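Understanding the architecture of this molecule
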Amino acid sequence: MAFSFFGGVHPKENKFYTCDKQTEVFPEPDVIVIPMSQNIGAPCMPLVKKGDPVTVGQKIGDNQGLCAPIHSSVSGTVKAVEMRPHNTGTNVMSVVIQNDHLDTLCETVKPRTQEEVDALSPMELVDIIHEGGLVGMGGATFPTHVKLSGGIGKVDTVIINAGECEPYITADDRLCREHPDEVISGLKVIMKIFGLKEGHIGIEDNKPEAIKILKSNLINGDGISVDALPAKYPQGAEKQLIYAITGREVPSGGLPAAVGCAVFNAATAKAIHDVVYKGMPLISRIVTVSGDIVMEPKNLLVPIGTSFDDLLGAVGHSENPYKVLSGGPMMGVAQYDLSVTTTKGVNAVTILGHKNRYAVEDVRCLRCGKCIDACPMHLMPVLMYKALQDGDVDGLKASNMMDCIECGCCAYTCPASVPLVHGFRVGKQLIRSAAQPAKK
Ligand code: SF4
Ligand code: SF4
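Residues numbered from 1 in each chain as written. Chains lettered and ligands numbered in written order. Predicted model: local features only at pLDDT ≥ 70, side-chain atom pairs only at ≥ 80, totals over all residues. Heavy atoms only, no water.

Let us now look at helix 2 (residues 122–131). Along helix 2, the positions that sit buried rather than exposed are L125, V126, I128 and I129. Down the axis of helix 2, the buried side of the element spans an arc of 160°, and every buried residue falls inside it. Check the buried side of helix 2 and you find it contacts helix 3 (144–151), helix 5 (180–194) and helix 8 (266–278). Just downstream of helix 2, G133 is the residue with a positive phi angle, here 75°. (Buried < 20%, exposed > 50% of the residue type's maximum accessible area, 1.4 Å probe, protein only. Helix = DSSP H or I, 4+ residues; strand = E, 2+ residues; numbered from the N terminus. Arc of directions from axis to C-beta. Contact = heavy atoms within 4.5 Å.)

Another aspect to go through is unusual backbone geometry. With an omega dihedral of 0°, the bond running from Y233 to P234 counts as a cis peptide bond. Along the polypeptide, P234 turns up in the loop between strand 11 (224–229) and helix 7 (238–246). Unusually for a residue other than glycine, D103 sits at a positive phi of about 50°. Within the secondary structure layout, D103 lies in the loop between strand 8 (91–99) and helix 1 (114–118). If you check the backbone angles, Y168 has positive phi at about 75° while not being a glycine. Mapped onto the elements of the fold, Y168 is located in the loop between strand 9 (157–161) and helix 4 (171–178).

What follows concerns the pairing of strand 15 (residues 323–326). In terms of strand pairing, strand 15 meets strand 17 (residues 348–352) through four bridges, oriented antiparallel. The residue bridging L325 from the neighbouring strand is T350, located in strand 17. Between strand 15 and strand 16 (residues 333–334), which pair antiparallel in sequence order, lie six residues; one of them, G327, sits at a positive phi of approximately 110°. (Pairing = 2+ DSSP bridges.)

If you want it as structure tokens, here you go:
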């Protein structure tokens, strides 16, 4: 039985641009720029220097703590290790690689047979996933090995998130249609690690083809169910997906493991299959490059470190973009420098025209309360914004702003175009700064 979460909105899906197009392999660029910050937590320290030769799948960055290693997506020579613009809007240390187009494979990349995989213990599987540099590929970028090791003994329900509720984005839809067996295989590895006999794949019912293909690839006795959920944004958000499938509510400030659940993106499941069976670390992913002014919208299999400029060049656009977003129109981050490159968490580049310009000069809240009705986290966006305007950090905390998942439902529904989500990002930063000990 599917539960319906509170709030949410129904934005125009605009998935028709790419959902029925086969994923194309993007031609490898001559130069790849791989940022050393690709996960929530600690950035990697570069393990290579200018002039070093590198191979496909070679580890080029790593660190202790909450961190996943980073690997080269091409073979060639390191041109530079330097600060470069990043798709989060900052500058980060990056490894710049001149591609030799020889695709020389790193000697550590070795496939395993089913018998070899069967012989691996849960912790050995977690170590392989750690070494493969896996992170949450739906955008959260939480290191996968940490989620797995932290969930052993606590998790009784594992869910693959194929919800993909953001408008325009169809990367996971295509992945499930083109690689259903690998997604299912990755889920089985997770089930083995957690010692579970059952697993779920949560997917919105606006992807009938993917649902059909996934179901037809299941074998009786797999213990896996494909749960088709009503399309409503943000059905693909972790807490909303858990509620929709299990009826369990993750408590404020809590993690899914607090209610016995663990959620992994469909692309992460496929990446788990790849590293466990093929020995291939996370070096590429499917990216939807779409938008209302794009001439040839596509899903592209892209090496990590490909510039947004190259991606825009591959699809073309009919007018000067108003906005280029890393991600979709609801949660994406606007880019001001298109030399930024794809990272493990980038599932889409969305290019929008000027008809999407809604900014108003004199922003005035109408006190209509629509934002409250839309918030799937049961928050009061109007009061959060008021506390922000007042610079009231205690008020921000009291409003549970840290529970905001930045889904954009409030901003989408606001008739006065109040820049709510932008404000909440600033507000969260204020709360974090206030929690820092004062510098002497
Ligand atoms: S962006 Fe935050 S406040 Fe706005 S609807 Fe989403 S969770 Fe609620
Ligand atoms: S929806 Fe917009 S105008 Fe209405 S109360 Fe919320 S912030 Fe104010």
